[in-house]
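Read off the chains here:
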Amino acid sequence: PLDAAEIGLRMTATPLPGDPPVMELAVRIDLADVQLTPSGDAFTGKLAVRFIAYQDDGIMGQSAPKSLNLRLTPEQRDAALKEGFAVTENLSLSSHVEKIRVIVFDDASTAIGSLTVPIRK
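Just so it is clear, the model here is predicted, and its values are computed rather than measured.

Asks: What's the story with the overall build of the protein chain in this structure? I'm lost.
Replies: When its secondary structure is counted, the protein chain shows one helix and nine strands. In sequence order, the secondary structure elements of the protein chain are arranged as β-β-β-β-β-β-α-β-β-β. Seen along its three principal axes, the alpha-carbon backbone of the protein chain occupies a region of about 50 × 30 × 20 Å. In the protein chain, which comprises 121 residues, the proportion classed as buried is 35%.

Dropping the structure here:
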């Protein structure tokens, strides 16, 4: 399946030591593609994030959806617009995982972004 590009995403996957192996996923979400609502002295929004691991035998493993209730000061919003809003997740992976997909959903605009990265063995 193709990735959705309504919300811009960047992701890095870094292997961490452990048994079973763990992958640290660092995602940057382009907040220019997310609806943030001015609310007093802050900007608010709500995102849902999910990670999916695809195995070589066709089985998919999904993380529980992570709900992000954003409340950013103007300074935090400006910084996130330049650098992206950071989300990290550590996933235990079997040796059969070939790729990982992150999916981000913006509750207010219903925009979706997804990005798939291959896992090197």
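And the narrative resumes.
Asks: What is the right way to read the sheet that holds strand S2 (residues 22-29) from this model?
Replies: The pairing of strands in a sheet happens through backbone hydrogen bonds and is either parallel or antiparallel. Ordered by their spatial adjacency, three strands build an open sheet running S1-S2-S7, and the pairing between neighbours is antiparallel. In this open sheet, the two strands that pair with only one neighbour each are strand S1 (9-16) and strand S7 (85-92). Averaged over neighbouring strand pairs, the angle between their axes works out to 20° when direction is ignored. Pairing of S2 with S7, which is carried by eight bridges, proceeds in the antiparallel orientation. Each bridged residue has a counterpart across the sheet, and for Glu 24 the counterpart in S7 is Asn 90.

Asks: Explanation requested: the nonpolar core in the structure shown.
Replies: As a rule of thumb, nonpolar side chains are buried together in soluble globular proteins. Grouped together as the largest cluster of nonpolar side chains are 30 residues, with contacts concentrated most on Ile 29, Leu 31, Phe 85 and Ile 100. Mapped by element, the contributors of at least two residues to this core are S1, S2, strand S4 (42-55), strand S6 (66-72), S7 and strand S8 (97-106). The biggest single contributor to this core is S4, with five residues. Leave out the neighbours within four places in its chain, and Leu 31 touches Leu 36, Leu 70, Leu 72, Ala 80, Leu 81 and Phe 85.

Asks: What am I meant to see in unusual backbone geometry here?
Replies: Residues other than glycine predominantly adopt negative phi, and peptide bonds predominantly adopt the trans conformation. For Thr 110, which is not glycine, the phi dihedral falls at a positive 60°. Within the fold, Thr 110 resides in the loop between S8 and strand S9 (112-118).

Asks: For this particular structure, what's the right way to read the pattern of salt bridges?
Replies: Oppositely charged side chains can pair when the atoms bearing their charge come close. Across all of its chains, the model carries four salt bridges by this definition. Where Asp 3 meets Arg 101, a salt bridge forms, and the shortest distance between an N and an O atom there is 3.1 Å. Taken together, the residues span a long stretch of sequence, with Asp 3 in the segment before S1 and Arg 101 in strand S8 at a distance of 98 residues. Where Glu 89 meets Lys 66, a salt bridge forms, and the shortest distance between an N and an O atom there is 3.0 Å. Highlighted residues: Glu 89 in strand S7 and Lys 66 in strand S6, separated in sequence by 23 residues.

Asks: Is there a simple way to think about the packing of aromatic side chains in this case?
Replies: The way to describe two aromatic rings as a pair is by their centre distance and the angle between their planes. If you walk through the whole model with that rule in mind, you get zero aromatic pairs. Directly above the ring of Phe 43 sits Arg 77, whose terminal nitrogen or CZ lies 4.5 Å from the centroid. In this structure, Lys 99 is placed above the aromatic ring of Tyr 54, and the distance from its NZ or CZ to the ring centre is 5.3 Å.

Asks: Would you explain the pairing of S8 in this entry?
Replies: When a strand is regular, its side chains alternate between the sheet's two faces. Where S4 and S8 come together, nine bridges link them in antiparallel fashion. Across the sheet, residue Ile 52 finds its bridge partner in S8, namely Arg 101. As paired strands, S8 and S9 are joined by seven bridges and run antiparallel to one another. Its bridge partner being in S9, Val 104 is matched across the sheet by Gly 113.

What counts, and where the lines are drawn
- Residues numbered from 1 in each chain as written.
- Predicted model: local features only at pLDDT ≥ 70, side-chain atom pairs only at ≥ 80, totals over all residues.
- Heavy atoms only, no water.
- Helix = DSSP H or I, 4+ residues; strand = E, 2+ residues; numbered from the N terminus.
- Buried < 20%, exposed > 50% of the residue type's maximum accessible area, 1.4 Å probe, protein only.
- Pairing = 2+ DSSP bridges.
- Axes fitted to C-alpha atoms, helices over the stretch in contact; angles between N-to-C directions.
- Core = buried A, V, L, I, M, F, W, Y, C linked by side-chain atoms within 4.5 Å.
- Contact = heavy atoms within 4.5 Å.
- Salt bridge = Lys/Arg side-chain N within 4 Å of Asp/Glu carboxyl O.
- Phe/Tyr/Trp six-rings, centres within 6.5 Å; stacked < 30°, edge-to-face > 60°.
- Lys NZ or Arg CZ within 6 Å of the ring centre and 35° of its normal.

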